[in-house]
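Breakdown of the fold
In case you want the letters, here they are:
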Amino acid sequence: MADENKPRSSVDETPISPIRPDNERRNSLEQHLQHRPERSELVEKNILPASTAAPSLQEKQKELQKHMRADSLNDKISHRPPPEKLIQEGVLHEDPRSAEEKYEEAIEDEYAKREGGA
């Protein structure tokens, strides 16, 4: 009987966001998904990768492309003519290397000649 005299605590059932009705709040994800941009648009904006590979393989694909670019650049650099030849052909007017770089290269060349001839 003592319980009947105590006032019951009431639960506040007002919505968290009083601006939106409850049904609209539940459907907000569906509404956002309906207005979601197409995959091609996300690729154009560089949000998604252009690859069609599985997501688990995309990181390996990026790493492979990076190594292929590095190999290609190293190959092109290895076939580049030395500054002396470019000066003789009139492409360069003076050697772009510093005196220290020229000296180091001359020492390396001399060492290679001695090691190769011994």
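Structural notes, computed from the coordinates. (Residues numbered from 1 in each chain as written. Predicted model: local features only at pLDDT ≥ 70, side-chain atom pairs only at ≥ 80, totals over all residues. Heavy atoms only, no water.)

1. Section: the pattern of salt bridges
For the record, the criterion: Each reported salt bridge corresponds to a side-chain nitrogen of Lys or Arg within 4 Å of a carboxyl oxygen of Asp or Glu. The buried label applies to any residue whose accessible area, calculated with a 1.4 Å probe on protein chains only, is under 20% of its type's maximum; exposed applies above 50%, and partly exposed to all values in between. Numbering goes from the N terminus for both helices and strands, where a helix is a DSSP run of H or I of at least four residues and a strand is a run of E of at least two.
Summed over the entire model, instances satisfying the criterion amount to two salt bridges. Measuring nitrogen to oxygen at the nearest pair gives 3.3 Å for the salt bridge that ties Glu41 to Lys45. On the basis of relative accessible area, Glu41 is assigned to the partly exposed category, the value being 33%. The salt bridge involving Arg114 is made with Glu110; its shortest N-O contact spans 3.4 Å. Taken together, the residues Arg114 and Glu110, both in helix α7 (residues 99–117) and four residues apart, mark about one turn of the helix. What makes Arg114 exposed here is its relative accessible area of 59%.

2. Comments concerning unusual backbone geometry
Of note, the phi angle at Asn46 is positive, near 60°, even though the residue is not glycine. As for its position among the elements, Asn46 is in the loop between α4 (39–44) and α5 (55–78). What makes Asn46 exposed here is its relative accessible area of 69%.

These figures capture arrangement, not role.
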